[in-house]
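The chain contents come next:
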Amino acid sequence: MNRPFLGRLVALDTTSLLGTVAFFDRGALLFEREQLVRNAHGESILPLIDAAMRELGWEPRDVERWAVGVGPGSFTGVRIGLALVKGIAIATGATAVPVTSLDAVAFGADDQGDPVASALEAGKGEVYLQCRRGGAFVVEPTHVRSVDAAELLRQCGAASSLIVGQAAAAIAAFLPESRISITPPHDVPRASVIGEIALLEPERPIDDIEPMYVRPPDITLPAGWRAPASMTAGEK
Amino acid sequence: MLILAIESSCDDTGAAVVRDDGAVLSDVVQSQIALHTPYGGVIPELASRDHLKNASHVVRDALSRAGIALTDVDAIAVTNRPGLVGALLVGVQIAKGVAWAARKPLVGVDHLVGHLLAVFLRREGDAAVEAPSFPYVCLLASGGHTAIYRVDAPDAAQIVELGATRDDAAGEAFDKVAKLLGLGYPGGPVIDRLAAQGDASKFAWKTPMAQRGSLEFSFSGLKSQIARHVEEHGIPSDANTLANICASFQRVATSVLARKLIDAAVQEGVDHVVLAGGVAANRELRARVTELAEKHRKKAFLPGLASCTDNAAMIGYAGAIRAKAGEFASWDLVATSATELARQTRKGRGKR
């Protein structure tokens, strides 16, 4: 295991309806702030950070490491948090640690030796799903119709999973062997958890950090559109 | 005053360093054309994803090419309207992060105001170019906007729309016609190139909104005439016919744009006319505006091509003016699809 990071760390997540920030020093959580903002992360997350930093008397350059939720979740929300951190890193040279939403809701869950499946709402009747056993993936992050998620876990030998995340109950209804945990922080990603994870993870150059979208872009093609040869080359 | 500017309103990720006198120290544009070409137009979600991928490299590149450090910058300017909201948000969040962490003031800039002031940019090699004086009349024609403005001062409150398109933007019409003719995306450069080889008199498309007195435009009907022709005859298989259609379409589109710009200057009693926006790169439009302006004893100002298409330098210059006026944004700056310039032209059909 890596030695925990002992400098000043700020964590944030804007991938769900909850805007959340947390502040760490010497490896310990100082406090966490959150607000339910729906589609307003762009205008609310930096004021939330700024106000808390003023209370702490911290300057931006004092923060050596940023921990950021990179999804999956709202595409726009994912970008709002990560773009902000990228901008901050340009100015201060801070490094960052990306943490996925699916790992955040699973962190610290009482698995009792069972696989831990993370299920978050993905809209359009789908969930973002992953399942780990002892840290290793049983189901890699994917998006799947809610009604098919239980069957996927069963096929992967994870029917007895502990299922976490806001979409857990809908899946567990079809998996009688499973258990669920959806009380905070196992419902949606929270900055306090993202920070805890980031204390132990290796930092990364900010330019290397990309969102985890999982789902491909929504592309509405015009009627009569045909893929050009360049896009179908190699298809059989 | 030195401004670091960021632009991400559509499909170009841009960053620039600009002085408040219009001198461009660097202007970096990462184009997404290759990404969107297969779809024949900009896909907003793809654009947003690519902005995030490129933005921090582009910003660092702009600082490095200008030979300055972030500490040398006086303010950070960013396009926060109008545009694709998801795309704008990436630039706005990066800019907020940079400004907040570097303890620099933040300025939100209207993309259209940036275009209308791009004529004041001074790039290496064109220091001797003359600038217009206020008031001037400006035709802003791009893929997303087409309108004529009276600009009395470099301030959104002093800019008045005199007439705009009721439907498609001019650049949008070029893109759609190119698509109909199987010429790919973007349409402007390829139609410009083929039109130069064609005979514009071979097709007589009806000129949209041709009546004198109105400064409004309409391009969807022009596009529909060509769509009907393609439906009836198919995409021309011979290069000559294809070039002739491009030449005749371009003649009609650029004629109406140039004529209404000069009409506006005459109507307003203004001596200086300016071109702005991506369509201002069209060679026939530039020639027509120059010729018509001379004929009516007006002086035409045509910015270089790099200042016509989307770029961050124009955002930096417009941002410098706001910064000098103390018009700074707070950390809750929003990205929005609407311009701050008041609209006069109502979209849609019907009498006015």
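Residues numbered from 1 in each chain as written. Chains lettered and ligands numbered in written order. Predicted model: local features only at pLDDT ≥ 70, side-chain atom pairs only at ≥ 80, totals over all residues. Heavy atoms only, no water.

Visitor: Give me the overall build of chain A: which residues, what numbers.
Guide: Across its full length, chain A carries seven helices and 10 strands. Here the C-alpha radius of gyration of chain A, 19 Å, is about what a compact globule of 236 residues would show, namely 18 Å. Judged by the C-alpha coordinates and their principal axes, chain A covers about 55 × 50 × 35 Å. Considering chain A as a whole, with its 236 residues, one finds that 50% of them fall into the buried category. Across chain A, every contact between residues at least 6 apart in sequence was considered, and the portion connecting residues at least 24 apart equals 61%. Accessible surface for chain A amounts to roughly 10500 Å². Of this, 50% is attributable to carbon and sulfur atoms. (Helix = DSSP H or I, 4+ residues; strand = E, 2+ residues; numbered from the N terminus. Rg over C-alpha atoms; globule rule 2.2 N^0.38 Å. Buried < 20%, exposed > 50% of the residue type's maximum accessible area, 1.4 Å probe, protein only. Contact = heavy atoms within 4.5 Å. Areas by Shrake-Rupley, 256 points an atom, 1.4 Å probe, with all protein chains shown as cover.)

Visitor: I'd love a proper account of the interface of chain B and chain A, names of residues and values included.
Guide: Counting residues at the interface gives 30 residues for chain B, matched by 39 residues for chain A. Buried area between chain B and chain A, both sides added, is near 3100 Å², and the carbon and sulfur share of it is 68%. Looking at the side of chain B facing chain A, the largest losses of area belong to Arg 49, Leu 52 and Trp 100 of chain B, adding up to 24% of the total buried there. Where chain B touches chain A, the interface holds three salt bridges. A salt bridge links Arg 60 of chain B to Asp 207 of chain A; its shortest N-O distance comes to 2.6 Å. Our count for the contact surface shared by chain B and chain A stands at eight residue pairs in polar contact (both at pLDDT 80 or more). For the side of chain B that touches chain A, the secondary-structure elements that each account for two or more residues are α2 (44-66) and α3 (85-102) of chain B. (Buried area = accessible area lost by both parts, 1.4 Å probe. Salt bridge = Lys/Arg side-chain N within 4 Å of Asp/Glu carboxyl O. Polar contact = N/O pair within 3.5 Å; in protein donor to acceptor, adjacent residues only side chain to side chain.)

Visitor: Give a detailed account of the environment of Gly 187 of chain B, specifying residues and quantitative values.
Guide: Structurally, Gly 187 of chain B can be placed in helix α6 (residues 187-195). Setting aside anything within four residues of it in sequence, one finds Gly 187 of chain B in contact with Phe 174, Asp 175 and Ala 178 of chain B.

Visitor: I'd like to hear about the domain arrangement of chain B, residue by residue, with values.
Guide: A common way to express how large an interface is: the accessible area buried when the components associate. All names here are of chain B. Taken as a whole, chain B is organised into domain 1 (2-124 + 307-324) and domain 2 (136-303). The straight-line distance from the C-alpha centre of domain 1 to that of domain 2 is 26 Å. Every contact between the two is made by 20 residues of domain 1 and, on the other side, 20 residues of domain 2. At the boundary of domain 1 with domain 2, total buried surface from both sides reaches about 1700 Å², with 77% on carbon and sulfur atoms. Looking only at domain 1, the three residues that lose the most surface to domain 2 are Leu 116, Val 119 and Cys 308, adding up to 37% of its buried area. Where domain 1 meets domain 2, there are zero salt bridges. Inspection of the region where domain 1 meets domain 2 yields five residue pairs in polar contact (both at pLDDT 80 or more). At the level of elements, α1 (33-36), α4 (111-117) and α10 (305-308) are the ones that each hand at least two residues to the side of domain 1 that touches domain 2. Taken together, the residues of the side of domain 1 that touches domain 2 sort by class into 12 nonpolar, seven polar and one charged. (Domains from an automatic or database assignment. Nonpolar A, V, L, I, M, F, W, Y, C, P; charged D, E, K, R; others polar.)

Visitor: I'd love a proper account of the pairing of strand β9 (residues 272-276) of chain B, names of residues and values included.
Guide: Residues and elements named next belong to chain B. The buried fraction of β9 is high, at five of five residues. Covered by surrounding structure in β9 are His 272, Val 274 and Ala 276 together with Val 273 and Leu 275, the residues of both alternating faces. Relative to β9, strand β6 (residues 136-141) runs parallel, the two sharing five bridges. Bridging across to β9, Leu 140 finds its partner in Ala 276. Across three bridges, β9 lies against strand β10 (residues 299-301) in parallel orientation. Residue pairing for β10: Val 273 is matched across the bridge by Ala 300. (Pairing = 2+ DSSP bridges.)

Visitor: Account for the environment of Ala 67 of chain A, naming residues and giving values.
Guide: Residue and element names in this part refer to chain A. Relative to the elements of secondary structure, Ala 67 occurs in strand β4 (residues 65-69). Residues Ala 67 and Gly 195 lie 128 residues apart in sequence; the distance between their C-alpha atoms is 5.8 Å. Non-local contacts of Ala 67, meaning those with residues more than four positions away in its chain, are made with Leu 9, Val 10, Ala 11, Leu 12, Val 97, Ile 194, Gly 195 and Ala 198.

Visitor: Lay out the nonpolar core in plain terms, naming residues and giving numbers.
Guide: Core analysis: the biggest nonpolar cluster contains 72 residues, and Leu 12, Ile 49 and Trp 66 of chain A together with Leu 4, Ile 76, Ile 94 and Trp 100 of chain B have the highest contact counts within it. When residues of this core are assigned to their parent elements, the largest contribution, 10 residues, is made by α3 of chain B. One finds Val 177, Ala 195, Val 256 and Ala 258 of chain B within the second-largest nonpolar core, a separate group that totals 47 residues. (Core = buried A, V, L, I, M, F, W, Y, C linked by side-chain atoms within 4.5 Å.)

Visitor: Can you tell me about the confidence of the model for chain A, naming the residues and giving the values?
Guide: Close inspection of predicted coordinates is inappropriate in any region flagged by low pLDDT. Confidence in the prediction for chain A averages 92 pLDDT; 92% of positions are at 70 or higher. Note on residues 232-236 of chain A: pLDDT is under 50 here. Beyond four places in sequence and across chains, it has one contact. (pLDDT = per-residue confidence, 0-100.)

Visitor: Please provide a residue-by-residue account of the sheet that holds strand β7 (residues 126-133) of chain A, values included.
Guide: Residues and elements named next belong to chain A. Read across the open sheet, the five strands follow the order β8-β7-β6-β9-β10; overall the sheet is mixed. Edge positions in the open sheet fall to β8 (136-145) and β10 (179-181), since each of these has one partner strand only. Neighbour to neighbour, the strand axes of the sheet diverge by 20 degrees on average, direction disregarded. Where strand β9 (residues 162-164) lies against β10, three bridges are found, and the strand directions are parallel. Bridge pairing links Leu 162 to Arg 179 in β10. (Axes fitted to C-alpha atoms, helices over the stretch in contact; angles between N-to-C directions.)

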